[in-house]
Every structure is written in structure tokens, then in C-alpha cells.
Amino acid sequence: MKENFHFHLDTPLARSLRDLLMQLQDRLQLERMIKAYIAGGIAVHLYTAYRVTVDVDMEFDAKVPVPSDLSVELPGESGRDPWLYIDTQYNSTFSLIHEDHREDAWRVPLGLSSIDVYVLSPVDLAVSKISRFAENDREDIATLVRQGLTTADAIETRANEALSCYVGNVDMLKTSIRLAVELAKKIEAQFLA
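Just so we're clear, the structure is a prediction, and the values are computed from it rather than from any experiment. (Residues numbered from 1 in each chain as written. Predicted model: local features only at pLDDT ≥ 70, side-chain atom pairs only at ≥ 80, totals over all residues. Heavy atoms only, no water.)

Outline the layout of surface pockets, listing residues and values.
The space that makes up the largest pocket amounts to roughly 380 Å³. Looking at the largest pocket, it is lined by 20 residues, and the ones nearest its centre are G40, D57, Y90, K129 and R132. Listed by contribution, the elements that provide at least two residues to the lining of the largest pocket are helix 2 (40-48), strand 2 (55-60) and helix 4 (135-146). The leading source of residues in the lining of the largest pocket is helix 2, at 3 residues. The residue makeup of the lining of the largest pocket, split by class, is 4 nonpolar, 9 polar and 7 charged. Top contributing element to the lining of the second largest pocket by residue count: strand 2, with 3 residues. Broken down by class, the residue content of the lining of the second largest pocket amounts to 7 nonpolar, 5 polar and 3 charged. (1 Å grid on protein atoms, 1.4 Å probe; cavity = no way out; pocket = protein on both sides within 12 Å on 5 of 7 lines; lining within 4 Å. Points joined across faces, edges and corners; volume = space filled by probe spheres on them. Helix = DSSP H or I, 4+ residues; strand = E, 2+ residues; numbered from the N terminus. Nonpolar A, V, L, I, M, F, W, Y, C, P; charged D, E, K, R; others polar.)

Okay, structure coming up:
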């Protein structure tokens, strides 16, 4: 599925993401290819075209000084256009994340000359939502499962593997894993009914 997957790149949000990353590579005058790994709502959007967000949760395989004024206008439906920006406070180590998340990330063909863009695999994206497990995180997990991009079993296995690298309240996290798996099973059962 990974090799044949067609990301939703023709949405206003995806086009704005490409514009934002083009601005970044132009402003930094990158002399070598770097890799960028996207998580969060924008990753969900690229997979499903469902989620809209204004911040890009992204990390790089090199030290990248993201300009604080880097942003692009995001066409809105309410008559007021928000701005899309890279969240410079994002740090994947704050969430439950599998140690192989970069190796298993899916490449997004944005056609940039100096930034090779990847998104967390669907299962890693779902697992990364478990730490906070807010309403939008639960909806993101449900959407990924509903669209057949991951399963309850895959989420449970990957989340439990990721626990070995997690520092924090593991008891609370185990509860969130259980709730996420229950949610995913509920979504799966709706398709079998």
C-alpha cells in the first residue's frame, strides 16, 4: 500500500504546505537535500483530506533554523484566511512514538528540490495521537481506521512496542492505548455490520 498510495495533494491545505516548504528551502538556500518528517493534523490531511490545521508539526534530519516569520496564507471558507506555519515548538519526543518512525515514514512527492518530505506511517501517526488523546486526536485515529489506513491490532502492537522508549506516566498512557484500541475496534465493527 505504501508504494501505491496517492496522497491528497490537490487540496488548498496541501498546496499551501508545498508553498510553505518551497519558501523554506528558498530562504535557507539549502545546498544539500534534507529530510522532513511531518506528523499531526497536516499528516492526517495528506492521507485523508479530512483534517484542516494551521500548524505543521515537522522535524528534520538536520538542524534547520526555521524563520519565525515563515508562513503562507491558507485560503479559508469563512472569508478570513488563516496562516499556515511550521510549529517550531514541535518535538516528537513529547509523544508516544516508535523508535523506527522515521524509517517507516511514507514519502510524499511534493517535488521540492532540497527537501525530501515524509509523513509518519498511518499506524505511527495514530500512535502519536495517543499521548495527548484529545478529542481531535481521537477523531484523527478514527478517520485513519475508517479509511482503512491502519487497524486496531496494528495500533495496539505498535503502541506497546513504543512504550519501551517512552519516559513519563506509563500507567496513564496504557489507559490511553486501551481506549484508542477500543475506539479503533468500534470503527472496524461498523464496517463489518
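Give a detailed account of the pattern of salt bridges, specifying residues and quantitative values.
One pass over the structure, following the stated rule, counts 12 salt bridges. D104 is the salt-bridge partner of R158, the closest N and O atoms lying 2.6 Å from each other. Of this pair, R158 sits in helix 5 (residues 152-162) while D104 sits in the loop between strand 4 (83-86) and strand 5 (106-108), placing them 54 residues apart in sequence. When its relative accessible area of 12% is taken as the criterion, R158 is described as buried. In this structure D104 comes out as partly exposed when scored by relative accessible area, which is 28%. Close ionic contact of K129 with D140 constitutes a salt bridge, the shortest N to O distance being 2.7 Å. One end of the pair, K129, is in the loop between helix 3 (122-128) and helix 4; the other, D140, is in helix 4, and 11 residues separate them in sequence. Each member of the pair K129 and D140 is classed as buried. Here the salt bridges share partners, and the residues they tie into one network are R51, K129, R132, D137 and D140. (Salt bridge = Lys/Arg side-chain N within 4 Å of Asp/Glu carboxyl O. Buried < 20%, exposed > 50% of the residue type's maximum accessible area, 1.4 Å probe, protein only.)

Please provide a residue-by-residue account of unusual backbone geometry, values included.
With a phi close to 50°, Q29 is a non-glycine residue in the positive phi region. Along the chain, the position of Q29 falls in the loop between helix 1 (12-28) and strand 1 (34-39). One non-glycine residue, A49, lies in positive phi territory at about 60°. By secondary structure assignment, the location of A49 is in the loop between helix 2 and strand 2.

Tell me what's going on with helix 2, and back it up with residues and numbers.
Counting buried positions along helix 2 gives 9 out of 9 residues, so the element sits mostly inside the fold. Every buried residue belonging to helix 2 is among G40, G41, I42, A43, V44, H45, L46, Y47 and T48, and all of these are buried.

Describe the packing of aromatic side chains, listing the residues and the values that go with them.
Between two aromatic rings, the relevant description is the distance of the centres plus the angle of the planes. The final tally for this structure, using the stated rule, is 6 aromatic pairs. An angle of 75° between the planes, with centres 4.9 Å apart, marks the rings of F5 and F7 as edge-to-face. Both residues of the pair, F5 and F7, belong to the buried class. For the ring pair F5 and W106, a centre distance of 5.5 Å and an interplane angle of 65° mean the geometry is edge-to-face. Here the residue F5 occupies a position in the segment before helix 1, and W106 occupies one in strand 5, the gap between them amounting to 101 residues. Judged by its relative accessible area of 9%, W106 is buried. An aromatic cluster is defined as three or more aromatic residues linked by ring pairs; in this entry it consists of F5, F7, Y47 and W106. (Phe/Tyr/Trp six-rings, centres within 6.5 Å; stacked < 30°, edge-to-face > 60°.)

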